[in-house]
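Reading the structure
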There are 2 protein chains.
Amino acid sequence: MKERRNTACSLRCLVLMKKDAKTLLVALGGNALIKKGQQGTIEQQFANLKVPLHQLARLSRKYRLIITHGNGPQVGNLLLQQECCETVPRLPLEILVAQTQGQIGYMIESTLDSELMKLGVHDDQKVITVISYIVVDENDPAFENPSKPIGPVFTREQALCLPYPTKKTAKGYRRTVVSPKPVTIVEKREIKHLIDSNFIVICCGGGGIPVVREGRRFCGVDAVIDKDLASAKLAREVGVDIFVIATDEPGVAIDYGTDLQRFLPVLSENEALDLLNSGVLPPGSMGPKVQACLEFLRNGGDKAVITDLKDIEKAVENSAGTRLAL
Amino acid sequence: MKERRNTACSLRCLVLMKKDAKTLLVALGGNALIKKGQQGTIEQQFANLKVPLHQLARLSRKYRLIITHGNGPQVGNLLLQQECCETVPRLPLEILVAQTQGQIGYMIESTLDSELMKLGVHDDQKVITVISYIVVDENDPAFENPSKPIGPVFTREQALCLPYPTKKTAKGYRRTVVSPKPVTIVEKREIKHLIDSNFIVICCGGGGIPVVREGRRFCGVDAVIDKDLASAKLAREVGVDIFVIATDEPGVAIDYGTDLQRFLPVLSENEALDLLNSGVLPPGSMGPKVQACLEFLRNGGDKAVITDLKDIEKAVENSAGTRLAL
């Protein structure tokens, strides 16, 4: 009986408690939906999402929560589909990013709703998925050099036959697209208001829809923004305390992929810069994660951790992942 | 000088003024993006959107504003694309609806942002696109009978060769899918909060992502919900005063498509029921619009009008469209 009364109290007190709560931003990697080696059916994607979202539902009782997410495989699939089909006019990349924000936002939100219902706190939580676009600089040097890998992995032989630029990544050859730096999130005022009103906010999916400002209007550009750098920008603009990047690795490793591979519990700014400058952190994957954490901390953030999707709760409590330190 | 001071005042007073403003819900038809006979390139879609959104930007200075929208051609294109492409796992219809909410939500929001900037009131307006899902009843008889036309128009000969059910509509033969009635909008609390906080809210795109509640979770279903009926349900759940359905016709006509065709400025409930029962209002098009308006008025709404996309402002002021009356 005592336990039941405690639960009832904790539900009623949730809104009051969260008023002074810290704000936690968790950036989910594309592998939160499609794991290495999976074909990526809708059933697989929903099943995979339960692992991070069960933890995030629990964390939402203690923290104000923002969830961002990747979209690499999903946007790659949409690109492939529209290349197969001659009868439908092709859409530029930023529209495909918008489509994946709808798709993945819905999948995350409905899975989170289910997890909140399991915990019995669904009626106390407001959850919202916000379509987000992000201004980039039209003079960003990235426009000269498509460097961001997206979509499926190819063998070297397949890659040579493709009609667009590709690059060798840790996983294999992948299509590369332009990836400019995020300048500002257009919906930052709206997202800040939602966080202050205790909404759980899902936003900046796939790094946000990239736009440039041309006089009195925004224009989409054919590019994708790195979702970790976009998340760090958002964290700065809306005031986040704790930043967790959840991926398919336990953290940052030295001697990655060799027999000497060792994951680091803490990574100092100097060590991080050494790793970034020596090129051992791949630019399309762990590189921007480390960079995003450093930017977050330099702009006043409390804590930044890179961790495995199954260890998000532990990472928030300092018992998993690689914590970056200035 | 006097005029400039007035403008400055009206900007500063916007938030205060809107506190007591009426709430206006405008449901934009799919033709707000792709007009009859157009191929539907992204440039055409953005150009078409300016016509309704210029008016909505102006109306947002006087009214709290909710925008819903159709997605027929867009979801039809996604269906076609995934049928062309064998290598990508197919997604169920509710995921495609989610994708179109992202796509069209972004297109509406960014066009509206530009129109607000032109009016010089962008910084005073918070705009947000909310991914929305809607509960339907798994025992809805609609699940026995795919009746909602979506996607491209085919000739009779083409339709006979298609691997899915089709139906003759006013425009030609189209694919039909299951279309259950909306029961409740999952995000209604969130949308109500946003309206009360003076956000312009874009939501319930394509009639919402259809889900059924199974115990402690929501499950997507392979269906589409009529966007006008979904809009009427939303209007009831969040408290809307004025409901405008904007389409490619000036209103409801009698003797539609004949030499005697005549658009009605006012349509009483009895006349509307006669038209619905006699089957002269096509079930996939004008029928649900009239039905949605009647439901809205029966549930206490002030005013419901069906009008052309270019006449939204006039319709709000009673000088265009067909106004339904109880």
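1. Brief notes about the interface of chain B and chain A
- Taken together, the contact pairs 57 residues of chain B with 57 residues of chain A.
- In total, about 4800 Å² of surface goes out of reach between chain B and chain A, with carbon and sulfur atoms giving 64% of it.
- A per-residue breakdown of the area chain B buries against chain A is headed by Gln81, Tyr106 and Met117 of chain B, which together make up 14% of the total.
- Where chain B meets chain A, there are 0 salt bridges.
- At the surface where chain B touches chain A, the tally comes to 16 residue pairs in polar contact (both at pLDDT 80 or more).
- The set of elements that each furnish at least two residues to the side of chain B that touches chain A consists of helix H3 (42-59), helix H4 (72-84), helix H5 (93-119), strand S3 (126-129), helix H7 (188-196), strand S10 (209-214) and strand S11 (217-220) of chain B.

2. Some words on the relation of the copies chain B and chain A
- Screw-axis analysis of chain B against chain A gives a translation of 0.0 Å along the axis, an RMSD of 0.0 Å, and a rotation angle of 180°. Look at the turn and shift together and you get a two-fold axis relating the two.
- Comparing contact sets, 100% of the residues at the interface of chain B also lie at the interface in chain A, consistent with an isologous, same-surface contact.

3. Things to note about the environment of Tyr133 of chain B
- Within the secondary structure, Tyr133 of chain B sits in strand S4 (residues 133-135).
- Taking the relative accessible area as the measure of exposure, Tyr133 of chain B reaches 0% and is therefore buried.
- Once the C-alpha coordinates of Tyr133 of chain B and Glu187 of chain B are considered, the two residues, 54 residues apart in sequence, prove to be 7.1 Å apart.
- Sequence-distant contacts of Tyr133 of chain B, defined by excluding residues within four places in its chain, comprise Tyr106, Glu109, Ser110 and Asp113 of chain A together with Thr184, Ile185, Val186, Glu187, Ile209, Val211 and Phe218 of chain B.

4. Some details on the packing of helix H9 (residues 269-278) of chain A against helix H10 (residues 286-298) of chain A
Residues and elements named next belong to chain A.
- Two numbers describe how H9 lies on H10: the axes approach to 10 Å, and their chain directions differ by 145°. Note on packing geometry: the crossing formed by H9 with H10 is left-handed. Between H9 and H10, the contacting residues are Glu269, Ala272, Leu273 and Leu276 on the first element and Gly287, Val290, Gln291, Leu294 and Arg298 on the second.

5. Quick word on the packing of H3 of chain B against H5 of chain B
All names here are of chain B.
- Two elements in contact, H3 and H5, have axes whose closest approach is 8 Å; the angle formed by their N-to-C orientations is 55°. Here H5 runs oblique to H3, going by the angle between their axes. Crossing of H3 against H5: the hand is right-handed. Counting all contacts with H3, which are made through Ile42, Gln45, Phe46, Leu49, Lys50, Leu53, His54, Leu56, Ala57 and Arg58, the residues of H5 involved are Gln103, Tyr106, Met107, Ile108, Ser110, Thr111, Leu112, Glu115, Leu116 and Leu119.

6. Things to note about the sheet that holds strand S5 (residues 148-154) of chain A
Residue and element names in this part refer to chain A.
- Spatial ordering of the open sheet is given by S5-S7-S6, a layout of 3 strands whose pairing is antiparallel. Both edges of this open sheet fall to S5 and strand S6 (166-168), since each of them pairs with a single strand only. The average angle at which neighbouring strand axes cross in this sheet is 40°, direction not considered.
- Relative to S5, helix H4 (residues 72-84) is tilted by about 70°, and along the sheet it contacts S5 and strand S7 (173-177).

7. Section: helix H8 (residues 227-238) of chain B
Residues and elements named next belong to chain B.
- The terminal C-alpha atoms of H8, which comprises 12 residues, lie 16 Å apart, in line with the 16 Å expected from a rise of 1.5 Å per residue.
- Most of H8 sits out of view: 10 of its 12 residues are buried.
- Taken together, the buried positions of H8 are occupied by Lys227, Asp228, Leu229, Ala230, Ser231, Ala232, Lys233, Leu234, Ala235 and Val238.
- With a side-chain oxygen positioned 2.9 Å from the backbone nitrogen of Asp228, the residue opening H8 is Asp226.
- Phi turns positive, to about 80°, at Gly239, one or two residues after H8.

8. Details of the confidence of the model for chain A
All names here are of chain A.
- Summarising the model, chain A shows a mean pLDDT of 90, and 94% of its residues fall at 70 or more.
- Taken together, the stretch residues 1-13 has pLDDT below 50 and engages in 3 contacts with residues farther than four places along the chain or on a different chain.
- Interface confidence in the predicted complex, given as ipTM, is 0.91; pTM for the same model is 0.91.

9. Here's the deal with the pattern of salt bridges
Residue and element names in this part refer to chain A.
- Counted under the stated rule, the structure contains 28 salt bridges over all chains.
- Across the pair Glu115 and Lys118 runs a salt bridge whose closest N-O atoms are separated by 3.0 Å. With Glu115 and Lys118 both in helix H5 (residues 93-119) and 3 residues apart, this pair spans about one turn of that helix.
- Where Asp228 meets Lys227, a salt bridge forms, and the shortest distance between an N and an O atom there is 2.8 Å.
- With a relative accessible area of 2%, Asp228 lands in the buried category.

10. Topic: the nonpolar core
- Of all hydrophobic cores here, the largest spans 102 residues; its most connected members are Leu28 and Ile67 of chain A together with Leu28 and Ile67 of chain B.
- Residues contacting Ile67 of chain B, with those up to four places away along its chain left out, are Val26, Leu28, Leu53, Leu56, Ile108, Leu112, Ile200, Val201, Ile202 and Cys203 of chain B.
- Residues Val252 of chain A together with Cys219, Ile225 and Ala235 of chain B belong to the second largest nonpolar core, which totals 92 residues.

Cut-offs and rules
Residues numbered from 1 in each chain as written. Chains lettered and ligands numbered in written order. Predicted model: local features only at pLDDT ≥ 70, side-chain atom pairs only at ≥ 80, totals over all residues. Heavy atoms only, no water. Contact = heavy atoms within 4.5 Å. Buried area = accessible area lost by both parts, 1.4 Å probe. Salt bridge = Lys/Arg side-chain N within 4 Å of Asp/Glu carboxyl O. Polar contact = N/O pair within 3.5 Å; in protein donor to acceptor, adjacent residues only side chain to side chain. Helix = DSSP H or I, 4+ residues; strand = E, 2+ residues; numbered from the N terminus. Least-squares fit on C-alpha atoms with pLDDT ≥ 70 in both. Buried < 20%, exposed > 50% of the residue type's maximum accessible area, 1.4 Å probe, protein only. Axes fitted to C-alpha atoms, helices over the stretch in contact; angles between N-to-C directions. Left-handed = near helix turned anticlockwise from the far one by under 90°. Parallel < 35°, antiparallel > 145°, perpendicular 65-115°, else oblique. Pairing = 2+ DSSP bridges. Expected span 1.5 Å × (residues − 1). pLDDT = per-residue confidence, 0-100. Core = buried A, V, L, I, M, F, W, Y, C linked by side-chain atoms within 4.5 Å.

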